[in-house]
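# Coordinates in review
Here are the chains, one letter per residue:
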Amino acid sequence: MTTPLGYDELLQCPFEKAHRVQAHAMSKHLFKCQKNHRNMKFITCPFNGTHRVAADDLKIHVAECKDRGVLDTYKYPISTSAANVPSPADLVYNTRPPTGSSVSHNNNVNEECWDNMDAPAYNPEVYCAKAKVIRKATLKTPSEKKAFYESERLRLQDLKLTD
């Protein structure tokens, strides 16, 4: 059985040398530990957010950071030959006009039209007043809550009778 990624190695906290943290939990630990050590100023590594380095050592760390390889591989892709790169003559361009339109221009009333700015805005209170929805009274005084729940009871009874 293999151990999950990040569980096998313990990393040292830059704020408190006695703290040993699993790799997968390091960012959470740094966030909490940084609050306790506000006087310690560290700069975050540009390649890995869990690397915190003193300002004097940042240049050395950036040159030696093991996570720099991820960015370098992305930035400078490695190819074995120039034959892998297609020439502009080999590229295929789509010059045909689009066929069929995804936007329908008929005036059928049953279809939705997202471009119609004259449509009324959605009001959730109006919808909830007409639907079988249990509403809750928030930010009301006790007397307002009592009146609200009484009106809700009557509203739900009316909705049951109409069905």
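Anything mentioned here points back to the structure above.
This report concerns the structure included in the present document. All residue numbers here refer to positions counted from 1 along the written sequence of the relevant chain. Selection of residues for local features in this predicted model requires a pLDDT of at least 70, selection of side-chain atom pairs for listing and counting requires 80 or more, and totals for whole chains, interfaces and linings are taken over all residues. The basis for every side-chain value is the complete set of heavy atoms in the structure, and neither hydrogens nor water enter the calculation.

## Considering the nonpolar core
- Cys13, Phe15, Val21, Met26, Leu30 and Cys33 form the largest nonpolar core, which has 6 residues in total.
- Secondary structure elements are taken from DSSP: a helix is a run of H or I of four residues or more, a strand is a run of E of two residues or more, and numbering for both begins at the N terminus. Considering each element in turn, this core owes the most residues, 3 residues, to helix α1 (residues 26-36).
- When residues no more than four places from it in sequence are discounted, the contact partners of Cys33 are Cys13, Phe15, Glu16 and His19. To define a nonpolar core, start from buried Ala, Val, Leu, Ile, Met, Phe, Trp, Tyr and Cys residues and group those joined through side-chain atoms within 4.5 Å. Only protein chains enter the accessibility calculation, which uses a 1.4 Å probe. A residue is then buried if its area is under 20% of the maximum for its type, exposed if over 50%, and partly exposed in between. Every residue pair with non-hydrogen atoms within 4.5 Å of one another is taken to be in contact.

## A closer look at unusual backbone geometry
- Even without a glycine there, the phi angle at Leu139 is positive, about 55°.
- Looking at where Leu139 falls in the secondary structure, it is placed in the loop between α4 (124-130) and α5 (142-162).
- The exposure class assigned to Leu139 is exposed, which follows from its relative accessible area of 88%.

## Topic: the pattern of salt bridges
- Salt bridges are counted wherever a side-chain nitrogen of Lys or Arg sits within 4 Å of a carboxyl oxygen of Asp or Glu. Within this structure, the stated rule accounts for 3 salt bridges.
- Of the charged contacts in the structure, one is a salt bridge between Glu152 and Arg135, with a shortest N-O distance of 2.4 Å. Note that Glu152 is positioned in helix α5 and Arg135 in the loop between α4 and α5, a separation of 17 residues in sequence.
- Overall, Arg135 belongs to the partly exposed group, its relative accessible area being 25%.
- The buried category is assigned to Glu152, whose relative accessible area is 4%.

Note that every value here comes from positions in space, so none of it alone points to a role or purpose.
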